[in-house]
Amino acid sequence: MASYAVVMENLKERSEFMNESMQKSQTITDNMISILGSFDHRLSALETAMRPTQIRTHSIRKAHENIDKTLKVAESILGQFDLARQTEAKILRGPHEDLESYLEAVNQLRSIVKFFSSTKGLKSSIGMINHISSLLAKSVLKLEEEFRQLLNLYSKPVEPDRLFDCLPQSLRPSTGSDSKGDGAGAKEHQRSLETVVYHPPDLIPPRILPLLHDLAQQMIQAGHQQQLYTIYNEIRSLVMEQSLKKLGVERLGKEDVQKMQWEVLEAKIGNWIHYMRISVRLLFAAEKKVSDQIFEGQDSLRDQCFAEVTGNSVAVLLSFGEAIAKSKRSPEKLFVLLDMYEIMRELQSEMDNIFGSQYCSEMREAAIVLTNRLAETAQETFVDFEEAVEKDATKTAVLDGTVHPLTSYVINYVKFLFDLSDLVELYILFKALQYRSQYYPLTVDSYQSTLKQLFGDADDGNSKDQLGVITTRILQALQSNLDGKSKQYKDPALTQLFLMNNIHYIVRSVRRSEAKDVLGDDWVQIHRRVVQQHANQYKRISWSKILQTLSVQGASPGGNSSFTGEVVSNNTGISRSTVKDRFKTFNMLFEEIHQRQSQWTVPDSELRESLRLAVAEVLLPAYRSFAKRFGPMIEGGKNPQKYIRYTPEDLERMLAEFFEGKNWKGP
């Protein structure tokens, strides 16, 4: 119990202590609240007292900021005035000393105008703007003159040698030291056409083009676009025309072409093909590069200027092609028409690319029209050639019955179309050596491709058929004409020999050319039989009568049996005088035939030997048989050599003189 009371006493004491502490804490809290309230009142009063001072301080700070801004604006304006004075001095000196610095000064003037235009409320702005605008007007006139002088100074006609140096090696003019007479140059040319690369020349030095571009931009910004257009076109058009003139291009019309000799015209056509290639791939391509760089960013002006500069030059080039296409058609023009047609096709994609803008549409269309017209003229020339062959009325006959010039001309014409493996190669080389200005442009494959283009789609197979039909008609027209010419001969044997020679020449030429694949084996076999028929007719007409003299029963004139070589051996009833008459008649007829036919010609050696052999195989056995049977009746008499004038060996030797085109000198 005692311990319990002690505990309770302790708790009571602690409770009283705590209560006393809490009362003291409350008193302290109340005192602190009273002190803080006093401070709040004092701070509020202080803030009220400081507010006017704060307001005055803010106003002072704002005034300082405004003063700073005003000073900066004033400095900027003064700087623009100072810059204007410096720039004006550069403008007045002109652009000749330092063009780049002058262009920079012009840009500064525009910046000054822009600055004062945006500065409102400044009385001097209007005056400064007017002054700077006046300077700008003067500067643009100086820039315009500088553009003219700079463009004119560096715009010079291109010398032909410089253009030739830009050509691929295979297309450059040949010289005496490097020309190849064995055809290697032409072959090299054909192989290299697939990979040739052209390098257009720099018509204006590359370092000058940026300056011209900057000048052009300044003139455009100043609203002087029309003046720029006029200056550029005047200078560059003249230079382009002078470059073509130096190259050799001349304006020729239909009347000029009609007056020219063929050799002169053919040379001009070869040159024109070369000029077209150089003009499109070098001159026009280089001119487009110039206009692209000077007028970069000004597409419409660029295209207009390029079209204006090149328009007249393109017209001059195409006018010659038009004159050829419209001139009187003749067979020899076919191949140059093919050449011209081919170069137009070759350059078509580049023409479309270089002259691709709307302002060049007339030039593109003119090129397409010329290409089509050349094709039409070439096709019509084929038809004309057929008619010319059929209606050829030359009265001059070949006296020896050899191949007529018309036949040679027509066959060479046809071979030129088909037998392209060697002939065109030689033709290319011939043209290269003849004109010495360029290799002739077409190759074997090129001609074949061109003909396919003219006579149908290259992929549908119709071109070969159409070409075959045309060739067949031409050869038919030739044979018809030869039939008419053969009737000029009074000797029917010579008529047959003439037809045999000419038809054989046609067949042999076809067999050795690509025309055989087009005409077919049947055509060849049919006409070989025609040759044999004319040979048989010749033998019958020439030798049937003389063979009858060697026949015992030769009373039936014109009989074909005598030509077979069958000589009746029965000499019953034949008198010595009859035998003498037969030998005399034989001698007379043979000498007459020998005299005439040794002057005739069979130009083909195989045909000539074949014909001689055919005659000998009939004549010599008949003569030997007759002489063996009836010779003894005369040999024992007076002057037997008067009747038996020839031995079989003599006849064989004399037969070897037939068809050589030689004058007869007697037995």
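Residues numbered from 1 in each chain as written. Predicted model: local features only at pLDDT ≥ 70, side-chain atom pairs only at ≥ 80, totals over all residues. Heavy atoms only, no water.

Asker: What exactly am I supposed to notice about the overall build of the chain here?
Answerer: Each helix and strand in the chain was counted, giving 23 helices and zero strands. Burial analysis of the chain (667 residues in total) assigns 44% to the buried set. Counting contacts in the chain only where the partners sit at least 6 residues apart, residues at least 24 apart contribute 81% of the total. Here the chain has roughly 35,500 Å² of accessible surface; of this, 51% comes from carbon and sulfur atoms. (Helix = DSSP H or I, 4+ residues; strand = E, 2+ residues; numbered from the N terminus. Buried < 20%, exposed > 50% of the residue type's maximum accessible area, 1.4 Å probe, protein only. Contact = heavy atoms within 4.5 Å. Areas by Shrake-Rupley, 256 points an atom, 1.4 Å probe, with all protein chains shown as cover.)

Asker: Whenever I open this one, helix H6 (residues 209-221) confuses me. Can you help?
Answerer: One turn of the α-helix equals 3.6 residues, which is why residues spaced by three or four share an orientation. In this model H6 runs 18 Å from its N-terminal to its C-terminal C-alpha over 13 residues, within 8% of the 18 Å that 1.5 Å per residue would give. When you tally the buried positions in H6, you get 10 out of 13 residues, the bulk of the element. Phi turns positive, to about 85 degrees, at Gly223, one or two residues after H6. (Expected span 1.5 Å × (residues − 1).)

Asker: What am I meant to see in the layout of surface pockets here?
Answerer: Over the atoms, a rolled probe matching the size of one water molecule traces out where space is still vacant. Space inside the largest pocket adds up to approximately 460 Å³. Lining the largest pocket we find 18 residues, and of these His504, Arg528, Val531, Glu606 and Leu607 sit closest to its centre. Elements with a minimum of two residues in the lining of the largest pocket: helix H17 (492-511), helix H19 (521-549) and helix H21 (605-630). Considering every element that reaches the lining of the largest pocket, the biggest residue donor is H21, with six residues. (1 Å grid on protein atoms, 1.4 Å probe; cavity = no way out; pocket = protein on both sides within 12 Å on 5 of 7 lines; lining within 4 Å. Points joined across faces, edges and corners; volume = space filled by probe spheres on them.)

Asker: Before we go on, may I ask you to explain the packing of aromatic side chains in this structure?
Answerer: Centre distance and the angle of the planes are the two values used to describe a pair of aromatic rings. Enumeration over the complete set of coordinates arrives at 15 aromatic pairs. Aromatic side chains Phe658 and Phe659 sit 5.7 Å apart centroid to centroid with 80 degrees between the ring planes, which places their arrangement in the edge-to-face category. Accessibility assignment for this pair places Phe658 and Phe659 in one class, buried. Members of the aromatic cluster, each reached through a chain of ring pairs, are Tyr538, Trp543, Phe586, Phe590, Tyr623, Tyr646, Phe658 and Phe659. (Phe/Tyr/Trp six-rings, centres within 6.5 Å; stacked < 30°, edge-to-face > 60°.)

Asker: Would you take a moment to explain the pattern of salt bridges for this structure?
Answerer: It is possible for side chains of opposite charge to pair when their charged atoms get near one another. A complete count under the given rule lists 25 salt bridges for this structure. For Glu159, the salt bridge goes to Lys246, with nearest N and O atoms at 3.2 Å. Highlighted residues: Glu159 in the loop between helix H3 (123-154) and helix H4 (160-165) and Lys246 in helix H7 (residues 225-247), separated in sequence by 87 residues. By relative accessible area, Glu159 is classed as partly exposed at 41%. Judged by relative accessible area, Lys246 falls into the partly exposed class, the value being 41%. Two residues, Glu322 and Arg373, come together in a salt bridge whose shortest N-O distance is 2.5 Å. One end of the pair, Glu322, is in helix H10 (residues 299-326); the other, Arg373, is in helix H12 (residues 361-391), with 51 residues separating them in the sequence. Using a relative accessible area of 27% as the deciding quantity, one classes Arg373 as partly exposed. Each of Lys288, Asp292, Asp299, Arg302 and Asp303 takes part in one network of salt bridges that share partners. (Salt bridge = Lys/Arg side-chain N within 4 Å of Asp/Glu carboxyl O.)

Asker: How should a nonpolar patch on the surface be read in this particular structure?
Answerer: A cluster of nonpolar side chains, namely Ile28, Met32 and Ile35, defines an oily patch on the protein surface of about 290 Å² accessible area. Here Ile28 is to be found in helix H1 (residues 2-93). (Patch = residues over 30% accessible without salt bridge, like charges linked within 9 Å, V, L, I, M, F, W, Y side chains within 5 Å.)

Asker: I would appreciate a short explanation of the nonpolar core in the present structure.
Answerer: In a soluble, globular protein the nonpolar side chains are often hidden away together inside. With 148 residues, the main nonpolar core has Phe147, Trp272, Tyr538, Trp543, Phe590 and Leu619 as its most contacted residues. Top element by residues in this core is helix H9 (residues 262-294). It accounts for 14 residues. Apart from the residues within four sequence positions on either side, Trp272 is in contact with Leu317, Phe320, Gly321, Met340, Ile343, Met344 and Leu370. (Core = buried A, V, L, I, M, F, W, Y, C linked by side-chain atoms within 4.5 Å.)

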